[in-house]
Amino acid sequence: MRWGGGEAGYDGYPEFAAARAGHLYRSACLLTGGNTHLAEDLVQEALGRAFLHWRRVSRVGNPAGYVQTVLTRAFLAHQRRHSSRRERATEVLPEVAGPDPGGDAPLRLTLLDALGRLSAKDRAVVVLRYWEDRSVEETATVMETSPAAVRTRCVRALARLRVLLGDSLGEPAGR
């Protein structure tokens, strides 16, 4: 089987993967609490599954959403398999493509550390709702739970983040 971009059924996949890889990687870094190696594995798994099912994926209304869902579910499955091991990555997030929006590395590290202290499901809810800007219903679908459970988890996760962050962020904008 040849895997070239012009092969029947795989049209558009290389372009899609190239366009989404950076965003998926940043989401995966947030989900994993900065574990860049695991983030790379999760992105590879999500894009690999998209490739295997590209004919179907490319016909859905939102292939990017499909791949993000696969990424999140792969993360949650990994956390379930490795829940007894509580390793914490200590390395810094790699530089992202493009200009640094604000250049506040200490703030990013503080937020990443706080996210890493949340449970896997709480982290997934926060990333999906506030990084991916998904609705409660979309988040519930991705996490295979009820909208009420997502709302409850959001409230608890945000309260935990407030405790973890304390005054380290100052007064949030828009309050």
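Each remark here, short or long, concerns the structure printed above.
Residues numbered from 1 in each chain as written. Predicted model: local features only at pLDDT ≥ 70, side-chain atom pairs only at ≥ 80, totals over all residues. Heavy atoms only, no water.

As for the side chain of Arg 134
Link 1 in the chain: Here Arg 134 is to be found in the loop between helix H6 (120–131) and helix H7 (136–143).
Link 2 in the chain: At 4.8 Å, Glu 132 is the nearest oppositely charged side chain to Arg 134, a buried residue that forms no salt bridge.
Link 3 in the chain: In contact with Arg 134, not counting residues within four places along its chain, are Gly 65, Gln 68, Thr 69, Leu 128, Arg 129, Thr 139 and Val 142. (Helix = DSSP H or I, 4+ residues; strand = E, 2+ residues; numbered from the N terminus. Buried < 20%, exposed > 50% of the residue type's maximum accessible area, 1.4 Å probe, protein only. Lys, Arg positive; Asp, Glu negative; His and termini not counted. Salt bridge = Lys/Arg side-chain N within 4 Å of Asp/Glu carboxyl O. Contact = heavy atoms within 4.5 Å.)

Things to note about helix H5 (residues 105–116)
Link 1 in the chain: For H5, with 12 residues, the first-to-last C-alpha span of 16 Å sits near the 16 Å given by 1.5 Å per residue.
Link 2 in the chain: Those residues of H5 not exposed but buried are Leu 112, Ala 114, Leu 115 and Gly 116. (Expected span 1.5 Å × (residues − 1).)

Notes on the pattern of salt bridges
Link 1 in the chain: Scanning the model with the defined rule gives four salt bridges in all.
Link 2 in the chain: Of the charged contacts in the structure, one is a salt bridge between Arg 49 and Glu 45, with a shortest N-O distance of 2.3 Å. Taken together, the residues span about one helical turn, with Arg 49 and Glu 45 both in helix H2 (residues 36–52) at a distance of four residues.
Link 3 in the chain: A relative accessible area of 36% means that Arg 49 is categorised as partly exposed.

Describing the packing of helix H4 (residues 63–81) against H6
Link 1 in the chain: Where H4 meets H6, the closest approach of the two axes is 10 Å, and the angle between their N-to-C directions is 165°. By the angle between their axes, H4 is roughly antiparallel relative to H6. Viewed along their axes, H4 and H6 form a crossing whose handedness is right-handed. Taken together, the residues of H6 that come into contact with H4 (itself represented by Gln 68, Thr 72, Phe 75, Leu 76 and Gln 79) are Ala 120, Lys 121, Arg 123, Ala 124 and Leu 128.
Link 2 in the chain: Within the contact of H4 with H6, the residues separate by chemical class into five nonpolar, three polar and two charged. (Axes fitted to C-alpha atoms, helices over the stretch in contact; angles between N-to-C directions. Parallel < 35°, antiparallel > 145°, perpendicular 65-115°, else oblique. Left-handed = near helix turned anticlockwise from the far one by under 90°. Nonpolar A, V, L, I, M, F, W, Y, C, P; charged D, E, K, R; others polar.)

Description of the packing of H4 against H7
The relative placement of two packed helices is expressed as an angle between their axes plus a distance between the axes.
Link 1 in the chain: Where H4 contacts H7, the axes come no closer than 9 Å and their chain directions differ by 50°. Between H4 and H7, the angle is such that the two are oblique. Judged by the twist between their axes, the crossing of H4 over H7 is right-handed. Touching Thr 69, Thr 72, Arg 73 and Leu 76 of H4 are Thr 141, Val 142 and Met 143, all from H7.
Link 2 in the chain: Of the residues that constitute the contact of H4 with H7, the class distribution is three nonpolar, three polar and one charged.

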